[in-house]
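Spelled out from the first residue to the last, the chains are:
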Amino acid sequence: MNTVVSIVLILSIVIAAAAEIGARLYGIRNIPTYGTSETIGYIPLPNQSGLFLGKYTWAFNDRHMGVDRDWAPSSDAEDVVLLGDSIVYGWPVYSQDNRLGPQLELALPGSRVWPISADSWGILNELTYLAENPDVRDAADRFLFVLNTGDFGQASQWTSDIIRPRKKPASAAFYAFQRWVMPKSLINRKSTVPEQSRDWHAELSAFASAANRPIDIFLYPSRQELSSRDQVKKLFPPELWSIAASIHVVGTEDGWSDEMYRDEIHPKPAANAQLRDIIAGHLVQDEPTAPPASDQLVNSQSG
């Protein structure tokens, strides 16, 4: 009996060791880590980069931005600050060069794009970043927001080291099991931060009024929301149209279809080039305008 137990124990150790070695070689531990606070919720830590699963590169600079160069505003180029959630963030199945920020920079000669984002962020997370990094806010020449219908609640908060680890997992194999095998119901998703009552409209209005530079807001629908193209703008909060910004609806763009999505909300990596061209087309064509009337919208067909 002792021999059988010993054999089982040895085999278990060998299997566990093999799984760990394989997971590490596969790059499971090469994932972004996060900082947390009650104000911003969570944000990718600065000065980190990696290669996930041996093929997906990623990088964050000294100011948490999803680029592989340090923040250095230029007097010779337009510094465009791009803010958003996972549409901008692009983790994990987009390589660095295929993410929206680097793609957009390719389409905007004379500009440098500085993406600031995290998965599941909302407008209040993004405004918090700008408030807590006034030098970035004040040096930017233009602001772009990519928002969907779920981005107008309270700021998203950190909930779990499994979803957003604050340090590299000790075990690659165990982390992979927790992240992709273990039932999601067993993952703690409840924030310990007290419930907030911030007013996104008031904060965005104040920011836009004080910015004194172009602000473009791109409203990005889910695949289901896109099914009624002429109704997409009505899915967003009506008070949004009073903001001093140019507002565009991506879902009304010719050529943007449900085939562009890899799931309910995220575009396929190849579709980021289409999204890039939609955004860049407006930035090249549109001049800053006064706030639209409550029943008007500068949509993606208006040019």
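Quick summary incoming for the structure in this document. (Residues numbered from 1 in each chain as written. Predicted model: local features only at pLDDT ≥ 70, side-chain atom pairs only at ≥ 80, totals over all residues. Heavy atoms only, no water.)

Comments concerning the packing of helix α1 (residues 2-25) against helix α6 (residues 172-180)
Thinking step 1. Between α1 and α6, the shortest axis-to-axis distance is 7 Å and the interhelical angle comes to 80 degrees. With respect to α6, the element α1 is oriented roughly perpendicular. In this structure, α1 uses Ala19, Glu20, Ala23 and Arg24 to contact α6, whose residues at the interface are Ala172, Ala173 and Phe174.
Thinking step 2. Looking at side-chain class alone, the contact of α1 with α6 contains five nonpolar, no polar and two charged residues. (Axes fitted to C-alpha atoms, helices over the stretch in contact; angles between N-to-C directions. Helix = DSSP H or I, 4+ residues; strand = E, 2+ residues; numbered from the N terminus. Parallel < 35°, antiparallel > 145°, perpendicular 65-115°, else oblique. Contact = heavy atoms within 4.5 Å. Nonpolar A, V, L, I, M, F, W, Y, C, P; charged D, E, K, R; others polar.)

Brief notes about the packing of helix α4 (residues 123-132) against helix α7 (residues 200-211)
Thinking step 1. Packing of α4 against α7 brings their axes to within 10 Å, and their N-to-C directions diverge by 40 degrees. With respect to each other, α4 and α7 are oriented oblique. The chirality of how α4 crosses α7 is left-handed. For the pair α4 and α7, contact is made by Ile123, Leu124, Leu127 and Leu130 and by Trp200, Glu203, Leu204 and Phe207, respectively.
Thinking step 2. When grouped by side-chain class, the residues that make up the contact of α4 with α7 number seven nonpolar, no polar and one charged. (Left-handed = near helix turned anticlockwise from the far one by under 90°.)

A short note on the sheet that holds strand β9 (residues 246-249)
Thinking step 1. With respect to topology, five strands assemble into an open sheet ordered β6-β5-β7-β8-β9, the strand pairing being parallel. Pairing within the sheet leaves two strands with one partner each, and these edge strands are β6 (111-117) and β9. For this sheet the average axis-to-axis angle between neighbouring strands, irrespective of direction, equals 20 degrees.
Thinking step 2. The pairing of strand β7 (residues 142-147) with strand β8 (residues 215-219) spans five bridges and is classified as parallel. (Pairing = 2+ DSSP bridges.)

Some details on α4
Thinking step 1. Among the 10 residues that make up α4, eight are buried, leaving the element largely enclosed by the rest of the structure.
Thinking step 2. Of the residues making up α4, those classed as buried are Ile123, Leu124, Asn125, Glu126, Leu127, Thr128, Tyr129 and Leu130.
Thinking step 3. Contacts made by the buried residues of α4 are with β2 (41-44), β5 (78-84), β6, α5 (134-139), β7 and α7. (Buried < 20%, exposed > 50% of the residue type's maximum accessible area, 1.4 Å probe, protein only.)

This is a description of form; function is not addressed.
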